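What follows is each chain in one-letter form.
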Amino acid sequence: MSTITIGDRSFETPILVPSVSSFETQLRPRDALRLQITLQEPISLVSAYDVALEQDDLIPLCRTFRKQGGALLLDSGGYETQRIYRYARDDKQERWNFKEYAKVASEDIYDLIFSYDYFLNKGESTSDFSRRLIRELHAHTDIFDITKLIPVIHLQTRDGEHSLGDEAVVELFATVLEHVNCQFIAVAERELGTGLPARARLTKLIVRTSTLRDQTEYLSKRAVRPLA
């Protein structure tokens, strides 16, 4: 176990983060967050998509949650738009874009925020996807304090028909870590493989490789450090 700091609060890991979502949550987002405020939950996650739909209610509630000492994470909105579009077959997904995400992200209502979702394009190489992803992540600096960013890394195309191999996944994570100074990186569990063993194996590979790269970079810097 270790301790991490989010906003003004410290947590021992692993952390269970209750999420508020218009998809599969039994209560409406505003009612669910009101309940968490009443229960004085220490941490929560709200979707930017839902905030855009219920701004008058959710923006003040998010501020109240943080004011009473809770750490609030703002999700990208991709989860809701993909699933609502898949099952409801309406045009909500088309209306959710970076511009709409940016409107919500510009509000000071969160301690950490997940980046907008960018997927691998069919036929796109890992290097091209990496460059595009880094460029788009840097564009977030025009909206909010980049130190609050949690990059979301997708390992497949939007339809899930094409996925990156293990080596490409590790390289993609390494590139993001090299170019974006962030506290966390997010990846959809379902994209890590089929079944818990496969997902655990790839997660360990990503963590182990990223840790080794960090150690190598540190040793390299120490090696060229001038003597006092």
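J.: Outline helix 1 (residues 29-39), listing residues and values.
T.: Buried within helix 1 are the following residues: Pro29, Ala32, Leu33, Gln36 and Ile37. Projection of helix 1 onto a plane perpendicular to its axis shows the buried side chains occupying an angular sector of 140°, all on one side. Helix 1 presents Thr38 and Leu39 as exposed residues on the side facing more than 90 degrees away from its buried surface. One or two steps after helix 1, the chain reaches Gln40, where phi turns positive at roughly 55°.

J.: Tell me about the pairing of strand 5 (residues 71-75), and please be specific about residues and values.
T.: For strand 5, a buried count of five out of five residues is recorded, marking the element as mostly surrounded by other parts of the structure. Alternating positions in strand 5 separate into two faces, Ala71, Leu73 and Asp75 on one and Leu72 and Leu74 on the other, with burial throughout. Examined bridge by bridge, strand 4 (residues 43-47) and strand 5 share five bridges and lie parallel to one another. If you follow Ser44 over to strand 5, its bridge partner there is Leu72. Inspection of the sheet shows strand 5 paired to strand 6 (residues 112-114) by two bridges, in the parallel sense. Residue pairing for strand 6: Leu73 is matched across the bridge by Leu112.

J.: Tell me about the nonpolar core, and please be specific about residues and values.
T.: Within the largest apolar cluster, 46 residues are counted, with the highest numbers of intra-cluster contacts made by Leu33, Val51, Tyr101, Phe144 and Leu155. Aside from chain neighbours lying at most four places away, what touches Phe144 is Tyr101, Ala105, Tyr110, Ile113 and Leu149. With twelve residues, the next largest nonpolar core counts Ile4, Phe11, Leu112 and Ile150 among its residues.

J.: Requested: an account of the side chain of Glu191, with residues and values cited.
T.: When you line up the elements, Glu191 lands in the loop between strand 9 (186-187) and helix 9 (196-223). The side chain of Glu191 is buried and forms no salt bridge, while Arg190, the nearest opposite charge, is found at 4.6 Å.

J.: Explain unusual backbone geometry to me, and be specific about the residues and the numbers.
T.: Cis geometry marks the peptide bond from Thr13 to Pro14; its omega dihedral reads 0°. Summarising the element assignment, Pro14 is placed in the loop between strand 2 (9-12) and strand 3 (19-20).

J.: Explain the pairing of strand 2 to me, and be specific about the residues and the numbers.
T.: For strand 1 (residues 3-6) and strand 2, the ladder comprises four bridges, and the chain directions are antiparallel. Bridge pairing in strand 2 links Ile6 to Arg9.

J.: Could you give an account of the packing of aromatic side chains, naming the residues involved and the relevant values?
T.: Summed over the entire model, instances satisfying the criterion amount to six aromatic pairs. On the numbers, 5.7 Å between centres and 35° between planes, the contact of Phe98 with Tyr101 is tilted. Taken together, the residues span about one helical turn, with Phe98 and Tyr101 both in helix 6 (residues 98-105) at a distance of three residues. A relative accessible area of 0% means that Tyr101 is categorised as buried. Summarising the aromatic geometry, the rings of Tyr116 and Tyr118 are spaced 5.3 Å apart at their centres and angled 65° between planes, so their arrangement reads as edge-to-face. Note on Tyr118: relative accessible area 10%, which makes it buried. Members of the aromatic cluster, each reached through a chain of ring pairs, are Phe98, Tyr101, Tyr116 and Tyr118.

Rules and cut-offs
Residues numbered from 1 in each chain as written. Predicted model: local features only at pLDDT ≥ 70, side-chain atom pairs only at ≥ 80, totals over all residues. Heavy atoms only, no water. Buried < 20%, exposed > 50% of the residue type's maximum accessible area, 1.4 Å probe, protein only. Helix = DSSP H or I, 4+ residues; strand = E, 2+ residues; numbered from the N terminus. Arc of directions from axis to C-beta. Pairing = 2+ DSSP bridges. Core = buried A, V, L, I, M, F, W, Y, C linked by side-chain atoms within 4.5 Å. Contact = heavy atoms within 4.5 Å. Lys, Arg positive; Asp, Glu negative; His and termini not counted. Salt bridge = Lys/Arg side-chain N within 4 Å of Asp/Glu carboxyl O. Phe/Tyr/Trp six-rings, centres within 6.5 Å; stacked < 30°, edge-to-face > 60°.

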